[in-house]
Amino acid sequence: MKKKIIALFMALTLSVTVFTACSDGKTSEGGENATVRLGLMTTGFTVPLYYADAQGYFEELGLDVTIEYFANGPAINEAIASGDIDIAGVGEMPAVTGAITNQSKIVSWMSDDEASIQCYARNDSDIVKEGKGHLKDYPEIYGTAETWKGKEIICAKGTSSHYGLLATLEALGLTEKDIKLTNMEGTAGAAAFASGTGDIFFGFDPQWTEFYQNSDKYTQISTCENAGRGLYTMLIASKDFCSNQGESVTKFIQAMLKAEEAFRGDENTYYTAMYDWQNTYGSCTEDIAKYSASIKKLLSPDEQKAKFEAGEDGTSEISKSLDIVSQFMVDNQVISSGDKKAFDESNSVDPKFFYEAVDNLQK
(Lines give C-alpha, C1' and ligand atoms only; values in the text may rest on other atoms or scores of the structure.)
Protein backbone atom coordinates (compact mmCIF):
# COMPACT_ATOMS: atom_id res chain seq x y z
CA MET A 1 0.00 0.00 0.00
CA LYS A 2 1.32 3.40 -0.96
CA LYS A 3 1.69 5.59 2.09
CA LYS A 4 3.37 8.90 2.65
CA ILE A 5 3.90 9.00 6.40
CA ILE A 6 5.73 12.23 7.03
CA ALA A 7 6.82 11.59 10.56
CA LEU A 8 7.26 8.34 12.45
CA PHE A 9 7.55 9.44 16.05
CA MET A 10 6.54 12.33 18.28
CA ALA A 11 9.09 14.16 20.43
CA LEU A 12 8.26 14.53 24.09
CA THR A 13 7.56 18.23 24.05
CA LEU A 14 6.82 19.20 20.47
CA SER A 15 4.87 17.88 17.54
CA VAL A 16 6.91 16.34 14.79
CA THR A 17 7.69 19.00 12.24
CA VAL A 18 9.12 16.95 9.41
CA PHE A 19 7.01 17.83 6.39
CA THR A 20 7.06 17.59 2.65
CA ALA A 21 6.92 20.62 0.37
CA CYS A 22 4.02 19.94 -2.01
CA SER A 23 0.49 18.94 -1.45
CA ASP A 24 -1.98 21.64 -0.54
CA GLY A 25 -4.89 19.22 -0.45
CA LYS A 26 -5.21 19.10 -4.24
CA THR A 27 -4.82 16.46 -6.91
CA SER A 28 -1.45 14.73 -7.00
CA GLU A 29 0.94 15.25 -9.89
CA GLY A 30 -0.18 12.04 -11.57
CA GLY A 31 -3.75 13.24 -11.44
CA GLU A 32 -4.90 9.99 -9.83
CA ASN A 33 -5.33 10.61 -6.12
CA ALA A 34 -6.17 13.76 -4.22
CA THR A 35 -3.66 14.54 -1.51
CA VAL A 36 -5.01 15.07 2.01
CA ARG A 37 -2.68 16.29 4.74
CA LEU A 38 -3.80 14.77 8.04
CA GLY A 39 -2.80 16.10 11.43
CA LEU A 40 -2.86 13.09 13.74
CA MET A 41 -2.71 13.39 17.51
CA THR A 42 -1.01 10.47 19.22
CA THR A 43 -3.96 9.66 21.46
CA GLY A 44 -6.51 6.88 21.64
CA PHE A 45 -9.52 8.54 20.03
CA THR A 46 -7.71 8.91 16.69
CA VAL A 47 -7.36 5.13 16.24
CA PRO A 48 -10.03 4.99 13.46
CA LEU A 49 -7.89 7.36 11.39
CA TYR A 50 -4.79 5.24 11.99
CA TYR A 51 -6.69 2.07 11.09
CA ALA A 52 -8.27 3.58 7.97
CA ASP A 53 -4.81 4.49 6.74
CA ALA A 54 -3.25 1.14 7.72
CA GLN A 55 -6.00 -0.81 5.95
CA GLY A 56 -5.80 1.29 2.79
CA TYR A 57 -9.34 2.69 3.11
CA PHE A 58 -8.24 6.19 2.11
CA GLU A 59 -6.37 4.92 -0.94
CA GLU A 60 -9.37 2.82 -2.00
CA LEU A 61 -11.38 6.04 -2.21
CA GLY A 62 -8.73 7.86 -4.23
CA LEU A 63 -7.05 9.75 -1.41
CA ASP A 64 -3.31 9.96 -0.87
CA VAL A 65 -3.10 10.76 2.85
CA THR A 66 0.10 12.20 4.29
CA ILE A 67 0.41 12.30 8.06
CA GLU A 68 2.04 14.68 10.49
CA TYR A 69 1.92 13.84 14.18
CA PHE A 70 1.06 16.38 16.87
CA ALA A 71 1.13 16.49 20.65
CA ASN A 72 -2.19 18.29 21.12
CA GLY A 73 -5.02 20.31 19.60
CA PRO A 74 -3.48 23.78 19.95
CA ALA A 75 -0.47 22.61 17.90
CA ILE A 76 -2.87 21.33 15.25
CA ASN A 77 -4.64 24.69 15.13
CA GLU A 78 -1.29 26.38 14.51
CA ALA A 79 -0.59 24.00 11.62
CA ILE A 80 -4.01 24.68 10.10
CA ALA A 81 -3.42 28.42 10.46
CA SER A 82 -0.09 28.16 8.65
CA GLY A 83 -1.63 26.06 5.87
CA ASP A 84 0.39 22.93 6.65
CA ILE A 85 -2.47 20.48 7.21
CA ASP A 86 -6.03 20.09 5.94
CA ILE A 87 -7.88 17.92 8.44
CA ALA A 88 -7.44 16.56 11.98
CA GLY A 89 -9.16 15.14 15.04
CA VAL A 90 -9.23 17.32 18.17
CA GLY A 91 -11.12 17.83 21.42
CA GLU A 92 -13.86 20.41 21.82
CA MET A 93 -11.73 23.19 23.31
CA PRO A 94 -9.31 23.20 20.35
CA ALA A 95 -12.31 22.88 18.01
CA VAL A 96 -13.72 26.08 19.49
CA THR A 97 -10.45 28.01 19.38
CA GLY A 98 -9.74 26.75 15.87
CA ALA A 99 -13.10 28.00 14.64
CA ILE A 100 -12.41 31.40 16.23
CA THR A 101 -8.84 31.87 15.01
CA ASN A 102 -8.75 29.87 11.76
CA GLN A 103 -12.41 29.64 10.69
CA SER A 104 -11.88 25.87 10.64
CA LYS A 105 -15.00 23.71 10.31
CA ILE A 106 -16.28 20.87 12.48
CA VAL A 107 -17.16 18.20 9.93
CA SER A 108 -17.73 15.07 12.01
CA TRP A 109 -18.19 13.73 15.53
CA MET A 110 -15.52 11.18 16.55
CA SER A 111 -16.11 9.90 20.09
CA ASP A 112 -17.08 10.81 23.63
CA ASP A 113 -13.92 11.62 25.54
CA GLU A 114 -14.81 12.66 29.09
CA ALA A 115 -13.74 9.33 30.64
CA SER A 116 -10.36 9.58 28.89
CA ILE A 117 -9.43 12.89 30.54
CA GLN A 118 -7.90 11.65 33.77
CA CYS A 119 -6.19 13.09 36.84
CA TYR A 120 -3.65 11.35 39.08
CA ALA A 121 -1.88 12.02 42.37
CA ARG A 122 0.77 10.04 44.22
CA ASN A 123 -0.52 7.77 46.94
CA ASP A 124 1.20 9.78 49.67
CA SER A 125 -0.80 12.89 48.70
CA ASP A 126 -3.16 14.27 51.33
CA ILE A 127 -5.83 14.31 48.58
CA VAL A 128 -5.55 10.54 48.17
CA LYS A 129 -5.42 9.97 51.93
CA GLU A 130 -8.57 12.02 52.41
CA GLY A 131 -10.39 9.75 49.97
CA LYS A 132 -13.46 10.42 47.87
CA GLY A 133 -17.11 11.02 48.62
CA HIS A 134 -16.73 14.49 50.15
CA LEU A 135 -18.57 16.27 47.32
CA LYS A 136 -22.27 15.43 47.27
CA ASP A 137 -22.75 16.07 43.56
CA TYR A 138 -19.36 14.68 42.52
CA PRO A 139 -18.71 11.69 44.82
CA GLU A 140 -15.92 10.16 42.68
CA ILE A 141 -13.61 13.16 43.08
CA TYR A 142 -10.99 12.73 45.78
CA GLY A 143 -10.27 15.32 48.45
CA THR A 144 -11.81 18.66 49.30
CA ALA A 145 -11.22 22.26 48.32
CA GLU A 146 -8.75 22.66 51.17
CA THR A 147 -6.58 19.73 50.12
CA TRP A 148 -6.53 20.84 46.48
CA LYS A 149 -5.66 24.47 47.22
CA GLY A 150 -2.11 25.44 46.39
CA LYS A 151 -1.28 22.19 44.62
CA GLU A 152 1.03 22.24 41.61
CA ILE A 153 -0.91 20.66 38.77
CA ILE A 154 0.79 19.67 35.53
CA CYS A 155 -1.52 20.17 32.56
CA ALA A 156 -1.34 21.40 28.96
CA LYS A 157 -3.33 24.63 28.63
CA GLY A 158 -5.95 24.95 25.94
CA THR A 159 -6.44 21.19 25.66
CA SER A 160 -9.16 18.78 26.73
CA SER A 161 -7.03 18.06 29.80
CA HIS A 162 -7.26 21.72 30.74
CA TYR A 163 -11.02 21.52 30.36
CA GLY A 164 -11.09 18.51 32.70
CA LEU A 165 -8.94 20.34 35.22
CA LEU A 166 -11.14 23.44 35.18
CA ALA A 167 -14.26 21.28 35.51
CA THR A 168 -12.78 19.50 38.53
CA LEU A 169 -11.79 22.77 40.16
CA GLU A 170 -15.29 24.13 39.58
CA ALA A 171 -16.78 21.02 41.21
CA LEU A 172 -14.55 21.71 44.21
CA GLY A 173 -15.61 25.35 44.33
CA LEU A 174 -12.18 26.51 43.20
CA THR A 175 -10.69 28.32 40.22
CA GLU A 176 -7.34 28.17 38.47
CA LYS A 177 -6.15 30.97 40.76
CA ASP A 178 -6.37 28.58 43.72
CA ILE A 179 -3.76 26.18 42.34
CA LYS A 180 -0.39 26.43 40.64
CA LEU A 181 -0.75 25.41 37.00
CA THR A 182 2.41 24.16 35.34
CA ASN A 183 1.69 24.34 31.63
CA MET A 184 3.43 21.39 30.01
CA GLU A 185 2.64 19.25 26.97
CA GLY A 186 1.04 16.03 28.15
CA THR A 187 3.72 13.45 27.34
CA ALA A 188 6.47 15.62 28.76
CA GLY A 189 4.22 16.48 31.69
CA ALA A 190 3.63 12.82 32.46
CA ALA A 191 7.37 12.16 32.39
CA ALA A 192 7.98 15.12 34.71
CA PHE A 193 5.28 13.94 37.13
CA ALA A 194 6.71 10.41 37.11
CA SER A 195 10.12 11.85 38.03
CA GLY A 196 8.67 13.70 41.04
CA THR A 197 7.68 17.10 39.66
CA GLY A 198 4.36 18.59 40.76
CA ASP A 199 1.57 17.25 42.95
CA ILE A 200 -1.03 16.27 40.34
CA PHE A 201 -1.07 15.31 36.67
CA PHE A 202 -4.03 15.88 34.35
CA GLY A 203 -3.80 14.35 30.89
CA PHE A 204 -5.55 12.46 28.13
CA ASP A 205 -5.23 8.92 26.88
CA PRO A 206 -2.57 7.44 26.87
CA GLN A 207 -0.47 10.04 28.73
CA TRP A 208 -1.65 8.61 32.04
CA THR A 209 -0.88 4.98 31.19
CA GLU A 210 2.01 4.56 33.65
CA PHE A 211 -0.07 5.95 36.50
CA TYR A 212 -3.11 3.83 35.68
CA GLN A 213 -0.98 0.67 35.63
CA ASN A 214 0.80 1.40 38.91
CA SER A 215 -1.97 1.72 41.46
CA ASP A 216 0.52 0.98 44.23
CA LYS A 217 2.10 4.37 43.50
CA TYR A 218 -0.66 6.50 41.97
CA THR A 219 -4.41 7.02 42.34
CA GLN A 220 -6.86 8.39 39.83
CA ILE A 221 -8.44 11.28 41.75
CA SER A 222 -10.72 12.74 39.09
CA THR A 223 -11.80 12.59 35.46
CA CYS A 224 -13.71 15.01 33.32
CA GLU A 225 -16.62 12.60 33.63
CA ASN A 226 -16.33 12.58 37.45
CA ALA A 227 -16.66 16.37 37.35
CA GLY A 228 -19.99 16.07 35.56
CA ARG A 229 -18.80 17.34 32.19
CA GLY A 230 -19.39 15.67 28.84
CA LEU A 231 -16.79 16.15 26.14
CA TYR A 232 -16.66 15.17 22.49
CA THR A 233 -13.81 14.72 20.08
CA MET A 234 -14.37 16.04 16.58
CA LEU A 235 -12.94 16.00 13.10
CA ILE A 236 -12.07 19.50 11.96
CA ALA A 237 -10.98 20.73 8.52
CA SER A 238 -9.57 23.99 7.27
CA LYS A 239 -11.97 26.45 5.67
CA ASP A 240 -10.07 26.31 2.37
CA PHE A 241 -10.07 22.53 2.28
CA CYS A 242 -13.82 22.43 2.81
CA SER A 243 -14.38 25.08 0.15
CA ASN A 244 -12.00 23.71 -2.47
CA GLN A 245 -11.87 19.96 -1.83
CA GLY A 246 -15.31 19.07 -0.51
CA GLU A 247 -15.33 15.68 -2.24
CA SER A 248 -12.08 14.76 -0.49
CA VAL A 249 -13.57 15.74 2.88
CA THR A 250 -16.53 13.43 2.22
CA LYS A 251 -14.30 10.54 1.15
CA PHE A 252 -12.05 11.03 4.17
CA ILE A 253 -15.02 10.80 6.55
CA GLN A 254 -16.31 7.77 4.65
CA ALA A 255 -13.01 5.95 5.23
CA MET A 256 -13.09 6.87 8.92
CA LEU A 257 -16.65 5.54 9.25
CA LYS A 258 -15.61 2.30 7.54
CA ALA A 259 -12.89 1.86 10.18
CA GLU A 260 -15.40 2.51 12.96
CA GLU A 261 -17.74 -0.07 11.40
CA ALA A 262 -14.94 -2.64 11.54
CA PHE A 263 -14.44 -1.87 15.24
CA ARG A 264 -18.12 -2.10 16.07
CA GLY A 265 -18.36 -5.42 14.23
CA ASP A 266 -15.51 -7.04 16.16
CA GLU A 267 -14.24 -5.75 19.49
CA ASN A 268 -11.01 -7.72 19.07
CA THR A 269 -10.30 -5.75 15.90
CA TYR A 270 -10.84 -2.57 17.92
CA TYR A 271 -8.55 -3.70 20.76
CA THR A 272 -5.85 -4.90 18.39
CA ALA A 273 -5.92 -1.68 16.39
CA MET A 274 -5.71 0.34 19.62
CA TYR A 275 -2.77 -1.79 20.78
CA ASP A 276 -0.94 -1.42 17.46
CA TRP A 277 -1.67 2.30 17.25
CA GLN A 278 -0.50 3.16 20.74
CA ASN A 279 2.63 1.07 20.30
CA THR A 280 3.63 2.95 17.15
CA TYR A 281 4.59 5.99 19.22
CA GLY A 282 4.87 4.70 22.76
CA SER A 283 4.39 1.62 24.88
CA CYS A 284 1.01 0.01 25.51
CA THR A 285 -0.03 -3.29 27.06
CA GLU A 286 -2.98 -5.35 25.85
CA ASP A 287 -4.87 -4.53 29.06
CA ILE A 288 -4.36 -0.80 28.53
CA ALA A 289 -5.50 -1.10 24.90
CA LYS A 290 -8.69 -2.85 25.99
CA TYR A 291 -9.32 -0.28 28.71
CA SER A 292 -8.66 2.59 26.32
CA ALA A 293 -11.10 1.16 23.78
CA SER A 294 -13.72 0.42 26.44
CA ILE A 295 -14.01 4.07 27.49
CA LYS A 296 -14.49 5.28 23.91
CA LYS A 297 -17.96 4.29 22.80
CA LEU A 298 -18.35 4.02 19.03
CA LEU A 299 -21.69 5.02 17.57
CA SER A 300 -23.28 3.90 14.33
CA PRO A 301 -23.47 6.41 11.45
CA ASP A 302 -27.18 6.93 12.16
CA GLU A 303 -26.49 7.55 15.86
CA GLN A 304 -23.79 10.04 14.92
CA LYS A 305 -26.12 11.67 12.41
CA ALA A 306 -28.65 12.25 15.18
CA LYS A 307 -26.09 14.36 17.04
CA PHE A 308 -26.13 16.87 14.18
CA GLU A 309 -29.91 17.01 13.81
CA ALA A 310 -31.84 19.80 15.49
CA GLY A 311 -34.23 18.85 18.27
CA GLU A 312 -37.51 20.47 19.24
CA ASP A 313 -35.63 23.55 20.46
CA GLY A 314 -33.93 23.91 17.07
CA THR A 315 -30.50 23.00 18.43
CA SER A 316 -28.43 19.89 17.83
CA GLU A 317 -26.59 17.90 20.50
CA ILE A 318 -23.26 18.95 19.03
CA SER A 319 -24.22 22.64 19.02
CA LYS A 320 -25.41 22.39 22.62
CA SER A 321 -22.18 20.76 23.71
CA LEU A 322 -20.08 23.36 21.91
CA ASP A 323 -22.12 26.13 23.51
CA ILE A 324 -21.51 24.64 26.97
CA VAL A 325 -17.80 24.23 26.33
CA SER A 326 -17.33 27.70 24.82
CA GLN A 327 -19.24 29.35 27.68
CA PHE A 328 -17.16 27.36 30.15
CA MET A 329 -14.05 28.70 28.40
CA VAL A 330 -15.36 32.24 28.82
CA ASP A 331 -16.18 31.68 32.49
CA ASN A 332 -12.65 30.41 33.08
CA GLN A 333 -11.03 33.20 31.02
CA VAL A 334 -9.68 30.86 28.33
CA ILE A 335 -11.46 32.94 25.67
CA SER A 336 -13.24 36.29 25.86
CA SER A 337 -16.97 36.90 25.56
CA GLY A 338 -16.18 38.55 22.22
CA ASP A 339 -14.48 35.34 21.11
CA LYS A 340 -17.56 33.36 22.06
CA LYS A 341 -19.78 35.70 20.11
CA ALA A 342 -17.52 35.24 17.09
CA PHE A 343 -17.71 31.48 17.56
CA ASP A 344 -21.50 31.52 17.88
CA GLU A 345 -21.73 33.46 14.62
CA SER A 346 -19.12 31.41 12.75
CA ASN A 347 -21.36 28.56 11.56
CA SER A 348 -18.45 26.31 12.43
CA VAL A 349 -20.47 23.08 12.44
CA ASP A 350 -20.77 21.88 8.83
CA PRO A 351 -22.23 18.35 8.70
CA LYS A 352 -22.96 18.16 4.97
CA PHE A 353 -19.79 16.17 4.26
CA PHE A 354 -20.68 13.73 7.02
CA TYR A 355 -24.20 13.28 5.64
CA GLU A 356 -22.78 12.62 2.17
CA ALA A 357 -20.33 10.08 3.59
CA VAL A 358 -23.12 8.23 5.41
CA ASP A 359 -25.24 8.21 2.27
CA ASN A 360 -22.33 6.77 0.27
CA LEU A 361 -21.82 4.00 2.81
CA GLN A 362 -25.49 3.07 2.87
CA LYS A 363 -25.93 2.87 -0.91
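What counts as what
Residues numbered from 1 in each chain as written. Predicted model: local features only at pLDDT ≥ 70, side-chain atom pairs only at ≥ 80, totals over all residues. Heavy atoms only, no water. Salt bridge = Lys/Arg side-chain N within 4 Å of Asp/Glu carboxyl O. Helix = DSSP H or I, 4+ residues; strand = E, 2+ residues; numbered from the N terminus. Buried < 20%, exposed > 50% of the residue type's maximum accessible area, 1.4 Å probe, protein only. Pairing = 2+ DSSP bridges. Axes fitted to C-alpha atoms, helices over the stretch in contact; angles between N-to-C directions. Contact = heavy atoms within 4.5 Å. Phe/Tyr/Trp six-rings, centres within 6.5 Å; stacked < 30°, edge-to-face > 60°.

### A few points about the pattern of salt bridges
Piece 1. All chains considered together, the criterion is met by 14 salt bridges.
Piece 2. R229 is the partner of E170 in a salt bridge, and the nearest nitrogen-oxygen pair spans 2.7 Å. Of the two residues, E170 is situated in helix α7 (residues 160–172) and R229 in the loop between β10 (218–223) and β11 (232–237); the sequence distance between them amounts to 59 residues.
Piece 3. Residue class for E170 comes out partly exposed when judged on its relative accessible area of 39%.
Piece 4. Taking the shortest distance from any N to any O, the salt bridge between D350 and K352 comes out at 2.6 Å.
Piece 5. Classification of D350 by relative accessible area gives buried; the value is 15%.
Piece 6. Relative accessible area serves as the criterion here: at 40%, K352 is assigned to the partly exposed category.

### Some thoughts on the sheet that holds strand β7 (residues 152–155)
Piece 1. Taken in spatial order, the 5 strands of this open sheet run β8-β7-β9-β6-β10, and their pairing is mixed. For this open sheet the edge positions go to β8 (180–183) and β10, each flanked by a neighbour on one side alone. Taken over all neighbouring pairs, the strand axes of this sheet differ in orientation by 25 degrees on average, direction set aside.
Piece 2. Inspection of the sheet shows β7 paired to strand β9 (residues 200–203) by 2 bridges, in the parallel sense. Considered in β9, the bridge of I153 is made with I200.
Piece 3. Of the strands in this sheet, β6 (118–122), β7, β9 and β10 are in contact with helix α8 (residues 186–194), which crosses β9 at around 155 degrees.

### Quick notes on the environment of V325
Piece 1. Here V325 lies in helix α15 (residues 317–331).
Piece 2. Considering only alpha carbons, one finds V325 and Y232, 93 residues apart in sequence, at a separation of 9.9 Å.
Piece 3. Ignoring any residue separated from it by four or fewer positions in sequence, one finds V325 in contact with E92, M93, V96, Y163 and L231.

### Focus on the packing of aromatic side chains
Piece 1. According to the stated counting rule, one finds 20 aromatic pairs in the structure shown.
Piece 2. Considering the side-chain rings of Y51 and Y57, the 6.0 Å spacing of their centres and the 75 degrees angle between planes classify their relative orientation as edge-to-face.
Piece 3. We classify Y57 as buried; its relative accessible area is 11%.
Piece 4. Ring plane angle 65 degrees and centroid distance 4.7 Å describe the contact between F211 and Y218, whose orientation is recorded as edge-to-face.
Piece 5. Under the relative-accessibility criterion, F211 is labelled buried at 1%.
Piece 6. By relative accessible area, which is 8% here, Y218 ends up buried.

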